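Here is what each chain is made of, one letter per residue.
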Amino acid sequence: MWQIFSRKNKSAGQTTPRNRRNLRILLGGVGTVLVLAIVVFVFNRPGVAEYEITDQLGGNIFPSAILSVATTDADIITPVDSPYVGNPKSCIAIKVKSGRPNSMVRIELAETPFYATSVSTFVLPEANTLYTIYPDILWRYDALRNNAQAEPISVVANVEMNGKTLGQRMRTFSVRSINECLLGYLQQLPNGGTRFVSTRLFFAAYVNEENPLIDTVLREALNTRIVRRFLGYQSGTAESVDKQVYALWNVLQKRNFKYSSISYSSLSSNVVVAQRVRTFEDALNASQINCVDGSVLFASLLRAINITPVLVQTPGHMFVGYYTDASRKDLTFLETTMIGDVDLDDYFPEEKLDSTMAGRSQGEMSRLTFEKSKEYAAREYHRCEADVKANKPGYMFVEISKGVRRSVQSIGR
């Protein structure tokens, strides 16, 4: 019996290959469970979340857009990809998943040349929900207005959720030139698709009826004696309104304005579309315009004398229109690129003409190009009127009225 017992005990104490294999499997399973438990604990404990700095304009910031809606109720973009809180006018956003219901989020953006240190807090009502947060930004508006060319900036964010830090993130953005007008962007849809959103209304931001230099231009126009005063629609007739508009046309010709096709932006993006536009001051100082520059410049002068202008855009072109009556029924158009079609210095001023001279005077040539401009622009409008009224892609009809000014203000400068 003793021998049998001893044999069984000895056999039980031995480690066979099968036992060793079972032991390794057991230990491996325990190790895997421990690792998974640690991972779950680290990444799901309260207050710990990942976040990113994001935007909808391909990493671009447009000063002209920010300035033009700063005091209005309009937004630059309309978020649709996730629930959002905050002010979409900031364009820069933080995307983060909430923790418990009514999670408190604090966002701090470090100072840059274009905005001061900005701190804001938000409440995220839903638990475990991906939110897009647009923090309040203390923009330096003068820096935006004076930015003449694209410049990179580092946007640095520090985020806290429910009192616990989520760390610091950094992303580089491009602050575009004040002369770059945002025309539209590709909007991400919840279903994963995209659609193009037109923002051509921002052209109205370059119509600047309050520029101090306008008084100089109006004084020069009065000095031509084409009109004695600018009365807008108070003059009473379409002919008198037209005469005021011609006085503005004539003075720009006397300033020797020339056509200069500078419209391309340095922006290279598959998300946004932009076009270079000269401000009123830039165009006046350079005496150079393309179709857009000339249209917004002339619209600025018309608004200044209380005549309602209209910007009309067709694919690749823009011209300006104006109402000749206060009831806005009779509409006339101008092709502003024709301002530079003649050099008035090639013709005699009226005061130096006498009865023996042959040829046209400066006044005759100026009036001739004015009338030809109206004829050409009218043909263009009637050719595409149906597409303009249907608001087809690439077409635009914007009346620079008080209603538009409630959405888009002049950028100034």
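What you are looking at is a predicted structure, and each value in this text was computed from that prediction instead of being measured.

Visitor: Describe the packing of aromatic side chains, naming the residues involved and giving the relevant values.
Guide: Going through the model one piece at a time under the given rule, you end up with seven aromatic pairs. Look at Tyr-246 and Phe-370: their rings are 5.3 Å apart centre to centre, the planes differ by 55°, and that puts the pair in the tilted class. With Tyr-246 in helix α6 (residues 238-254) and Phe-370 in helix α9 (residues 362-389), the pair connects residues that are 124 residues apart, well separated along the chain. On the basis of an interplanar angle of 25° and a centroid distance of 4.3 Å, the ring pair of Phe-333 and Tyr-381 is categorised as stacked. Of this pair, Phe-333 sits in strand β19 (residues 331-334) while Tyr-381 sits in helix α9, and the two are 48 residues apart along the sequence. Across the pair, exposure class does not vary: Phe-333 and Tyr-381 are buried alike.

Visitor: Tell me what's going on with the nonpolar core, and back it up with residues and numbers.
Guide: In this structure, Leu-57, Ile-76, Ile-133, Phe-203, Phe-298 and Leu-311 are the most contacted members of the largest nonpolar core, which totals 109 residues. Apart from the residues within four sequence positions on either side, Leu-311 is in contact with Phe-203, Val-207, Ser-295, Val-296, Ala-299, Met-318, Phe-319, Val-320, Met-396, Phe-397, Val-398 and Ile-400.

Visitor: So what's going on with the pattern of salt bridges? Which residues, and what values?
Guide: Tallied over the full model, the rule gives 18 salt bridges. Across the salt bridge formed by Glu-399 and Arg-328, the nearest N and O atoms sit 3.0 Å from each other. Here Arg-328 lies in the loop between β18 (317-323) and β19 and Glu-399 lies in strand β20 (residues 396-399), a separation of 71 residues in the sequence. Glu-399 gets classed as buried once you look at its relative accessible area, which sits at 17%. Look at Arg-328 and you get partly exposed, because its relative accessible area is 42%. Several salt bridges converge on common partners, so that one network encompasses Asp-242, Arg-367, Glu-371 and Lys-374.

Visitor: Pulling in residues and values, what's your account of the confidence of the model for the chain?
Guide: Scored by pLDDT, the chain has a mean of 86; 83% of the residues are at 70 or more. Across the chain, strand β6 (residues 115-116) holds the top mean pLDDT of 98, while helix α1 (residues 2-13) sits lowest at 41. Confidence drops under a pLDDT of 50 for residues 1-13, and excluding neighbours within four residues, the segment shows zero contacts in the predicted structure.

Visitor: Any details on the environment of Val-388? Residues and values, ideally.
Guide: Along the polypeptide, Val-388 turns up in helix α9. It is 8.0 Å that separates the C-alpha atoms of Val-388 and Gln-313, two residues lying 75 residues apart in sequence. Among all residues touching Val-388, those that are not within four sequence positions of it are Val-312, Gln-313, Tyr-381, Tyr-395, Met-396 and Phe-397.

Visitor: Requested: an account of a nonpolar patch on the surface, with residues and values cited.
Guide: There is a patch of nonpolar side chains on the surface, built from Leu-186, Phe-196 and Val-273 and spanning about 240 Å² of accessible area. Here Val-273 shows up in strand β15 (residues 272-276).

Visitor: Mind laying out the sheet that holds strand β13 (residues 194-198), listing which residues take part and the relevant values?
Guide: Here three strands make up an open sheet; going across it, the order is β13-β12-β15 and the pairing antiparallel. The open sheet has two edge strands with one neighbour each: β13 and β15. Neighbouring strand axes in the sheet, compared pairwise and without regard to direction, differ in orientation by 15° on average. Taken together, the five bridges between strand β12 (residues 180-188) and β13 define a ladder with antiparallel strand orientation. Within the sheet, the bridge partner assigned to Gln-187 lies in β13 and is Arg-195.

Visitor: Account for the packing of helix α5 (residues 214-223) against α6, with residues named and values stated.
Guide: Interhelical geometry of α5 versus α6 gives an angle of 100° and a closest axis separation of 9 Å. By the angle between their axes, α5 is roughly perpendicular relative to α6. Contacts from Val-217, Leu-218, Glu-220 and Ala-221 of α5 reach α6 at Ala-247, Leu-248 and Val-251. Residue composition of the contact of α5 with α6, by class: six nonpolar, no polar and one charged.

Thresholds, definitions, all that
Residues numbered from 1 in each chain as written. Predicted model: local features only at pLDDT ≥ 70, side-chain atom pairs only at ≥ 80, totals over all residues. Heavy atoms only, no water. Phe/Tyr/Trp six-rings, centres within 6.5 Å; stacked < 30°, edge-to-face > 60°. Helix = DSSP H or I, 4+ residues; strand = E, 2+ residues; numbered from the N terminus. Buried < 20%, exposed > 50% of the residue type's maximum accessible area, 1.4 Å probe, protein only. Core = buried A, V, L, I, M, F, W, Y, C linked by side-chain atoms within 4.5 Å. Contact = heavy atoms within 4.5 Å. Salt bridge = Lys/Arg side-chain N within 4 Å of Asp/Glu carboxyl O. pLDDT = per-residue confidence, 0-100. Patch = residues over 30% accessible without salt bridge, like charges linked within 9 Å, V, L, I, M, F, W, Y side chains within 5 Å. Areas by Shrake-Rupley, 256 points an atom, 1.4 Å probe, with all protein chains shown as cover. Pairing = 2+ DSSP bridges. Axes fitted to C-alpha atoms, helices over the stretch in contact; angles between N-to-C directions. Parallel < 35°, antiparallel > 145°, perpendicular 65-115°, else oblique. Nonpolar A, V, L, I, M, F, W, Y, C, P; charged D, E, K, R; others polar.

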